[in-house]
Amino acid sequence: MARSRELKFRVVTSFQRHVVNPLARRSRSQTLLETTGRTSGLPRRTPVGGSRVGLEFWLVSEYGEKSQYVRNIQADPRVRVRIKGQWHTGTAHPLPEDDARARLKRLPRYNSAVVRALGTNLLTVRVDLTD
């Protein structure tokens, strides 16, 4: 079982990294999460699905702490989020105590279905927006 989950993780993340993410980053309507690379210090932009609620932006990571952007957040929680073409700064907080499956029911339907289908270790992330 663990071996099949690891294989799924490798296949899906490779496909996302090399095919889906480069295409999605080009779309002006795609929501992007910008973190700072924990090793390089360079900006890293990842397409995400989520929802803004007041001054908070909520998303669910498919692979929890194995996701590169979550690892970047753990090293430096200062992030930017592009929502509807507008950049917002904020501080990200991984929330392992939050029920990620329940959270997905309140986020955009299509993205939530993909996260549920492909994810192996769901983790809620809240970004407290400053603007």
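Here, every reference points to the structure presented above.
Below is a short write-up of the structure. (Residues numbered from 1 in each chain as written. Predicted model: local features only at pLDDT ≥ 70, side-chain atom pairs only at ≥ 80, totals over all residues. Heavy atoms only, no water.)

## Section: the pattern of salt bridges
Moving on, step 1. Scanning the entire structure with this criterion turns up six salt bridges.
Moving on, step 2. Across the pair R103 and D98 runs a salt bridge, and its minimum N-O distance is 2.9 Å.
Moving on, step 3. Taking relative accessible area as the criterion, R103 reaches 10% and is therefore assigned buried.
Moving on, step 4. With a shortest N-O distance of 2.7 Å, D128 and R126 are connected by a salt bridge.
Moving on, step 5. Within this structure, E34, R45 and R80 form a network of salt bridges that share partners. (Salt bridge = Lys/Arg side-chain N within 4 Å of Asp/Glu carboxyl O. Buried < 20%, exposed > 50% of the residue type's maximum accessible area, 1.4 Å probe, protein only.)

## As for the nonpolar core
Moving on, step 1. One finds L33, F57, I73, V81 and V127 to be the most contacted residues of the largest nonpolar core, which totals 15 residues.
Moving on, step 2. Elements supplying a minimum of two residues to this core: strand 4 (56–61), helix 2 (68–75), strand 5 (78–83) and strand 7 (123–129).
Moving on, step 3. Here this core takes four residues from strand 7, the largest share from any one element.
Moving on, step 4. Aside from chain neighbours lying at most four places away, what touches V127 is L55, E56, F57, V79, V81, G90, T91 and A92.
Moving on, step 5. Formed by eight residues, the second largest nonpolar core is a distinct cluster that contains W58, L95, A100 and L104. (Core = buried A, V, L, I, M, F, W, Y, C linked by side-chain atoms within 4.5 Å. Helix = DSSP H or I, 4+ residues; strand = E, 2+ residues; numbered from the N terminus. Contact = heavy atoms within 4.5 Å.)

Just geometry here; none of it tells us what the structure is for.
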